[in-house]
Amino acid sequence: MAREVSPKDQQPPVPEDTEAVAQQKKSQEEWREEFPYPWDEDEIITRRDTLRFLLAGSGALFLATGALAIIGNLPKGENVQAVPIAKVGELAENDWRVFDFPDQYAQGILINLPGKGLVAYSDVCTHLSCAVVYQGNGKLHCPCHEGLFDAATGNVLAGPPIRPLPLIQLAIHNGTIYAVKEVPR
Amino acid sequence: MNSNDNTQYRHKANPDDPPVKLPPRGPKGFLPGPNYLGLRGRTAIVQGQVYIVAVVLIVQLLVITDALYELLSGRTGSLLWLAFVSLIGFALALLVAFWPRRRIEES
């Protein structure tokens, strides 16, 4: 919006204002003299500090990833142990049982499949570690997110899981069924 | 609008823009910009370094997340590859951080 400029507006500021501004500027300069601080360099230091921090983080992440790779590739023992889980003939066809393997903190599921016989898998769903149950129709069901696995192979049939269930190898000795070894897949 | 006005300013996207100048010439040719040798140029370079290294760091975070998932899933075959990718990221971050070592020349 245009405004008509009067001659009074064009006059320079009154001397009192000029003195006040000068006084304020002088006080600021005195303050800066008493506490000298390189403001421009401060901006650079901040960015460089950020860069160093990011660089250190990058190195730390590389070391952590390398440590995970080393841990994952450490030579492992055979981890073979025979845990008795059932008697031969104890499970009827399509019957199933949950057992502790290799210790009480992990479970497997033993199924007597028609036409295939005894199979065993880890009952931990490969999606988000819920326990799967046998449905009786040749499928293992994870109730958490509706995952379905083939009971004959352990492969994924439906749902969010993308990896098959770990297989548990079985052995039969003197009429007893033993869980021997878990094979991650 | 008069067509004569259009022909008058047809070489300028905006008539209020300052005239275009060539960038300053350095010892090895044209410099990237008028402020390249000064404080503002150096600041822009460091800012760019920060952005690039931050992107590398984000990728490394994704890599270590996947590595942890693979390890806890019992699949260790891809862990060495993931560590190699993370190493490449770290090497790239080192390169980006230490390559432009130009000192600030006050203009």
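Residues numbered from 1 in each chain as written. Chains lettered and ligands numbered in written order. Predicted model: local features only at pLDDT ≥ 70, side-chain atom pairs only at ≥ 80, totals over all residues. Heavy atoms only, no water.

Considering the overall build of chain B
When its secondary structure is counted, chain B shows 3 helices and 2 strands. Overall, chain B shows an N-to-C arrangement of helices and strands of α-β-β-α-α. Sequence separation of at least 24 residues holds for 49% of the intrachain contacts in chain B that already meet a minimum separation of 6. Surface exposure of chain B reaches about 8,000 Å², of which carbon and sulfur atoms provide 65%. (Helix = DSSP H or I, 4+ residues; strand = E, 2+ residues; numbered from the N terminus. Contact = heavy atoms within 4.5 Å. Areas by Shrake-Rupley, 256 points an atom, 1.4 Å probe, with all protein chains shown as cover.)

Looking at the pattern of salt bridges
All names here are of chain A. For the coordinates displayed, the defined rule picks out 2 salt bridges over all chains. Note that Asp49 is salt-bridged to Arg52, the shortest N-O span being 3.1 Å. Here Asp49 pairs with Arg52, and both are found in helix H2 (residues 39–72), just 3 residues apart, close to one helical turn. We classify Asp49 as partly exposed; its relative accessible area is 40%. A salt bridge links Glu90 to Arg97; the shortest N-O distance between them is 2.3 Å. Of the residues examined, Glu90 reaches a relative accessible area of 37% and is grouped as partly exposed. Since its relative accessible area comes to 27%, Arg97 is described here as partly exposed. (Salt bridge = Lys/Arg side-chain N within 4 Å of Asp/Glu carboxyl O. Buried < 20%, exposed > 50% of the residue type's maximum accessible area, 1.4 Å probe, protein only.)

A short note on the state of the cysteines
All names here are of chain A. Scanning all chains against the criterion turns up 1 disulfide over all chains. Cys130 shares a disulfide with Cys144; S-S distance 2.0 Å. Measuring handedness by torsion sign, the sulfur bridge of Cys130 and Cys144 sits at about -100 degrees and is left-handed. Taken together, the positions of Cys130 in the loop between strand E4 (117–122) and strand E5 (133–134) and Cys144 in the loop between strand E6 (139–142) and strand E7 (147–150) put the pair 14 residues apart, joining distant regions of the chain. Take Cys144: its relative accessible area is 39%, and that puts it in the partly exposed class. Cys125 carries a free sulfur, and the closest cysteine sulfur to it, the one in Cys142, is 3.7 Å from it. On the accessibility criterion, Cys125 (3% relative accessible area) is buried. Under the relative-accessibility criterion, Cys142 is labelled buried at 2%. (Disulfide = S-S within 2.5 Å.)

Some remarks on the side chain of Ser86(B)
Within the secondary structure, Ser86(B) is located in helix H3 (residues 79–98). A residue is classified by how much of its surface remains accessible, and Ser86(B), at 0% relative accessible area, is buried. Every residue in contact with Ser86(B), bar those within four places of it in the chain, is listed here: Leu61(A), Phe62(A), Thr65(A), Gln60(B) and Val63(B).

Quick notes on the interface of chain B and chain A
Of the residues lining the interface, 36 residues belong to chain B; the matching set on chain A comes to 26 residues. Across the chain B to chain A interface the summed buried area is about 2,600 Å²; carbon plus sulfur atoms make up 75%. For the interface between chain B and chain A, the tally reads 0 salt bridges. Run the count over chain B and chain A and you get 2 residue pairs in polar contact (both at pLDDT 80 or more). (Buried area = accessible area lost by both parts, 1.4 Å probe. Polar contact = N/O pair within 3.5 Å; in protein donor to acceptor, adjacent residues only side chain to side chain.)

Re the nonpolar core
Ranked by internal contacts, the top residues of the largest apolar core, which has 20 residues, are Leu51(A), Leu54(A), Leu68(A), Val53(B), Ala67(B), Leu79(B) and Ala93(B). Elements with a minimum of two residues in this core: H2 of chain A together with helix H2 (39–72) and H3 of chain B. Here this core takes 8 residues from H2(B), the largest share from any one element. Sequence-distant contacts of Leu51(A), defined by excluding residues within four places in its chain, comprise Gln49(B), Val50(B), Val53(B) and Ala97(B). Tyr121(A), Cys130(A), Cys142(A) and Ala151(A) belong to the second-largest nonpolar core, a separate cluster that totals 14 residues. (Core = buried A, V, L, I, M, F, W, Y, C linked by side-chain atoms within 4.5 Å.)

Here's the deal with the pairing of strand E9 (residues 167–173) of chain A
All names here are of chain A. Sheet topology places E9 next to strand E10 (residues 176–183); 7 bridges connect them, and they run antiparallel. By the bridge assignment for E10, Ile168 is matched with Glu182. Taking the residues that link successive antiparallel strands as the turn, the E9-E10 hairpin has 2 residues, and the phi of Asn174 there is positive, at about 55 degrees. (Pairing = 2+ DSSP bridges.)

A short note on the packing of aromatic side chains
In this structure the tally under the stated criterion is 2 aromatic pairs over all chains. Ring centres of Phe62(A) and Phe90(B) lie 6.1 Å apart, and the angle between their planes is 10 degrees; on these two criteria the pair is classed as stacked. Taken as a pair, Phe62(A) in helix H2 and Phe90(B) in helix H3 lie in two separate chains rather than in one. Ring geometry for Trp81(B) against Phe84(B): centres 6.4 Å apart, planes inclined by 85 degrees, an arrangement best described as edge-to-face. You can see Trp81(B) and its partner Phe84(B) sitting in helix H3, 3 residues apart, about one turn around the helix. (Phe/Tyr/Trp six-rings, centres within 6.5 Å; stacked < 30°, edge-to-face > 60°.)

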